[in-house]
Amino acid sequence: LKARSTATARRQQAATASRAQAAALPDMAQFAAGADSYYVQDCRQVQNNTHGIQTLTGQISRKIGSASSDKDVVQCRGMVDDAVRQATETRAILARIREHQAQAQNAAERNNRRMMYQKLSDNLAITARVLEDVVRRFQAEEARRPRM
């Protein structure tokens, strides 16, 4: 009977120690889920930023066509600066998405992340080219205007 109670006590101690150890170490599934949520958040941010740049580019293009005052030109300059800042920020987020590829749990997920990175990167590159064209038009319009 005494041997049984000693064995039971040892098992209880081992179970308590095991639970304490498990509580002290982060759960790998929770860690993976956290990393995945950052990946998803970054992908959404790139999509939203790219859309925002596209919207700003359209607004700048329309404003250039109808710019009649210096106030319009100053407003265009601010919009160009915002679009360029947003594009730079989006490039940095894309770099993080590329790093997320290495954290994928398996080859299929790594491939999915690679394809998503490529899609987001291509969309941003196309948007940046259109923005560059609009900025060139803006600069030409700015140079054409007399200086005050």
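Our structure's up above, just so we're on the same page.
Here's a quick rundown of the structure. Keep in mind it's a predicted model, so treat the numbers as computed, not measured. (Residues numbered from 1 in each chain as written. Predicted model: local features only at pLDDT ≥ 70, side-chain atom pairs only at ≥ 80, totals over all residues. Heavy atoms only, no water.)

Regarding the pattern of salt bridges
In the structure shown here, the tally under the stated rule is 8 salt bridges. In this structure, Asp42 and Arg96 form a salt bridge, with 2.8 Å as the shortest nitrogen-oxygen distance. With Asp42 in helix α2 (residues 28-66) and Arg96 in helix α3 (residues 70-100), this residue pair connects regions lying 54 residues apart in the sequence. The exposure class assigned to Arg96 is partly exposed, which follows from its relative accessible area of 40%. Where Arg144 meets Glu141, a salt bridge forms, and the shortest distance between an N and an O atom there is 2.6 Å. (Salt bridge = Lys/Arg side-chain N within 4 Å of Asp/Glu carboxyl O. Helix = DSSP H or I, 4+ residues; strand = E, 2+ residues; numbered from the N terminus. Buried < 20%, exposed > 50% of the residue type's maximum accessible area, 1.4 Å probe, protein only.)

With respect to the side chain of Arg113
Checked against the element boundaries, Arg113 lands in helix α4 (residues 107-144). Here Arg113 is in contact with Asp36, Tyr39, His100, Gln101, Gln103 and Ala104, once residues within four sequence places are set aside. (Contact = heavy atoms within 4.5 Å.)

Comments concerning the packing of aromatic side chains
Tallied over the full model, the rule gives 0 aromatic pairs. Above the plane of the ring of Tyr39 lies Arg113, whose end atom (NZ or CZ) is 4.2 Å from the centre. (Phe/Tyr/Trp six-rings, centres within 6.5 Å; stacked < 30°, edge-to-face > 60°. Lys NZ or Arg CZ within 6 Å of the ring centre and 35° of its normal.)

Examining α4
For α4, spanning 38 residues, the distance from its first C-alpha to its last is 55 Å, which sits close to the expected 56 Å at 1.5 Å a residue. Within α4, burial applies to Arg113, Tyr117, Leu120, Ser121, Leu124, Thr127, Leu131, Val134, Val135, Phe138 and Glu141. Where α4 begins, the capping side chain belongs to Asn106, and its oxygen is found 3.2 Å from the backbone nitrogen of Ala108. (Expected span 1.5 Å × (residues − 1). Polar contact = N/O pair within 3.5 Å; in protein donor to acceptor, adjacent residues only side chain to side chain.)

Considerations on the nonpolar core
With 23 residues, the main nonpolar core has Ile60, Leu94 and Ile97 as its most contacted residues. Where this core is concerned, the elements lending two or more residues are α2, α3 and α4. Tallying contributions element by element places α3 first for this core, with 9 residues. In this structure Leu94 touches Val46, Tyr117, Leu120, Ser121 and Leu124, once residues within four positions along its chain are discounted. (Core = buried A, V, L, I, M, F, W, Y, C linked by side-chain atoms within 4.5 Å.)

What about the environment of Asp133?
Within the secondary structure, Asp133 sits in helix α4. When the C-alpha positions of Asp133 and Ser61 are compared, they lie 9.5 Å apart, and in sequence the two are 72 residues distant. For Asp133, the side chain forms a polar contact with the side chain of Arg136, separated by 2.7 Å.

Observations concerning the packing of α3 against α4
Two measures define how a pair of helices packs: the angle their axes make with one another and the distance between the axes. Two numbers describe how α3 lies on α4: the axes approach to 10 Å, and their chain directions differ by 160°. When the interaxial angle is binned, α3 and α4 end up roughly antiparallel. Every pair of crossing elements has a handedness; the one defined by α3 and α4 is left-handed. For the contact of α3 with α4, the per-class residue count stands at 14 nonpolar, 3 polar and 5 charged. (Axes fitted to C-alpha atoms, helices over the stretch in contact; angles between N-to-C directions. Parallel < 35°, antiparallel > 145°, perpendicular 65-115°, else oblique. Left-handed = near helix turned anticlockwise from the far one by under 90°. Nonpolar A, V, L, I, M, F, W, Y, C, P; charged D, E, K, R; others polar.)

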